[in-house]
Amino acid sequence: MAMIVRAYKDNHGEAPKELFIHGKTNFEAKEWFGFASAVPQSTKLVGIQIRDNADVKAFRYGANAVLRGTAVVTSETSGYLWTRGYIPRLRTYPGREVPNPLTVEIRRGSANIEQVMRDVMSLTKLNFNGAEFCDGLPVTLRFADLVGEILTAGPITPHAPLPFKFYI
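Residues numbered from 1 in each chain as written. Predicted model: local features only at pLDDT ≥ 70, side-chain atom pairs only at ≥ 80, totals over all residues. Heavy atoms only, no water.

**Q** Hey, could you run me through the sheet that holds strand E1 (residues 18-23) in this one?
**A** By way of backbone hydrogen bonds, the strands of a sheet pair with one another, either parallel or antiparallel. Pairing within the open sheet is mixed, and its five strands lie in the order E1-E2-E5-E4-E3. At either margin of the open sheet sits one strand with a lone partner, and together these are E1 and strand E3 (71-73). For this sheet, the mean angle separating the axes of adjacent strands, direction not counted, is 25°. Bridging between strand E2 (residues 44-52) and strand E5 (residues 102-108) involves six bridges; their strand directions are antiparallel. Within E5, the position partnered with Asp52 by the bridge is Leu102. Packed onto the sheet, helix H3 (residues 113-123) meets E1, E2, E3, strand E4 (78-81) and E5 and runs at close to 125° relative to E5. (Pairing = 2+ DSSP bridges. Helix = DSSP H or I, 4+ residues; strand = E, 2+ residues; numbered from the N terminus. Axes fitted to C-alpha atoms, helices over the stretch in contact; angles between N-to-C directions. Contact = heavy atoms within 4.5 Å.)

**Q** Would you take a moment to explain the pattern of salt bridges for this structure?
**A** One side chain can pair with another of opposite charge once the charged atoms of both are near each other. Applying the stated criterion to the full structure yields five salt bridges. Between Glu105 and Arg51 there is a salt bridge, and its shortest N-O distance comes to 2.4 Å. Of this pair, Glu105 sits in strand E5 while Arg51 sits in strand E2, placing them 54 residues apart in sequence. The exposure class of Glu105 is buried, given its relative accessible area of 16%. What makes Arg51 partly exposed here is its relative accessible area of 32%. A salt bridge links Arg107 to Glu105; its shortest N-O distance comes to 3.5 Å. Each of Arg51, Glu105 and Arg107 takes part in a single network of salt bridges with overlapping partners. (Salt bridge = Lys/Arg side-chain N within 4 Å of Asp/Glu carboxyl O. Buried < 20%, exposed > 50% of the residue type's maximum accessible area, 1.4 Å probe, protein only.)

**Q** Please explain the side chain of Thr43 as it appears in this structure.
**A** Along the polypeptide, Thr43 turns up in the loop between helix H2 (29-37) and E2. At a separation of 2.6 Å, a polar atom in the side chain of Thr43 contacts the main-chain carbonyl oxygen of Pro16. Discounting chain neighbours no more than four positions away, the residues touching Thr43 are Ala15, Pro16, Lys17, Glu18 and Leu19. (Polar contact = N/O pair within 3.5 Å; in protein donor to acceptor, adjacent residues only side chain to side chain.)

**Q** Would you explain the nonpolar core in this entry?
**A** Generally speaking, a soluble globular protein has its nonpolar side chains buried in company with each other. Among the nonpolar cores identified, the biggest contains 14 residues, and Ile48, Val104 and Val120 are the most heavily contacted of them. Of all the secondary-structure elements, those providing two or more residues to this core are E2, E5 and H3. Counting eight residues, the second-largest nonpolar core is a separate cluster that includes Ala15, Ile21, Phe27 and Leu45. (Core = buried A, V, L, I, M, F, W, Y, C linked by side-chain atoms within 4.5 Å.)

**Q** What am I meant to see in unusual backbone geometry here?
**A** Across residues other than glycine, the phi torsion is negative in most instances, and most of the peptide bonds are trans. In this structure, Arg91 is a non-glycine residue whose phi angle is positive, near 55°. Its place among the elements puts Arg91 in the loop between E4 and E5. According to the relative accessible area criterion, Arg91 is exposed, its value standing at 71%.

**Q** For this particular structure, what's the right way to read the pairing of E2?
**A** Successive residues of a regular strand alternate their side chains across the two faces of the sheet. Looking at chain direction, E1 and E2 are connected through six bridges and run parallel. When the bridges of E2 are listed, Phe20 appears paired with Val46. As a crossover connection, the stretch from E1 through H2 into E2 is right-handed. (Right-handed = clockwise from strand over helix to strand, strands pointing away.)

**Q** What am I meant to see in the environment of Pro94 here?
**A** Looking at the element boundaries, Pro94 is found in the loop between E4 and E5. Judged by its relative accessible area of 49%, Pro94 is partly exposed. In this structure, the C-alpha to C-alpha distance between Pro94 and Asp135, residues 41 residues apart in sequence, is 9.4 Å.

Written as structure tokens, this is what we have:
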């Protein structure tokens, strides 16, 4: 976290005003304390939990699935976001099953849930590292999953792992 803030300062001359952390699980108190201790007091830190949710379905009249980008805000800190669904520009839904939403929850800090959902939606369009189209996960979580898969596939050894650049 300190490296991220330092790199931002090097590029922009000041610390970031806001810093959002995306995760699939809740942020434990000790974990959050570690994040917060590496961020200057002037930076607003927000923890967002993003999970697939197969329990909620949306019905849409007509022959097409729910629109990609549909959002339902359920409280000031949570809502459902369909990052998969019918795409009017393509005149199709590129999936095989009824699209499931993501559950987006602000778990730590405070932010506008509608803006958070717009940001998450935007991050589903940014994956320049793969050929997937509308896979539904924001690049922040997709990339973390891929790095984790690589790190857990190797043998467990007593020496330190190679620097990150060797895994790309």
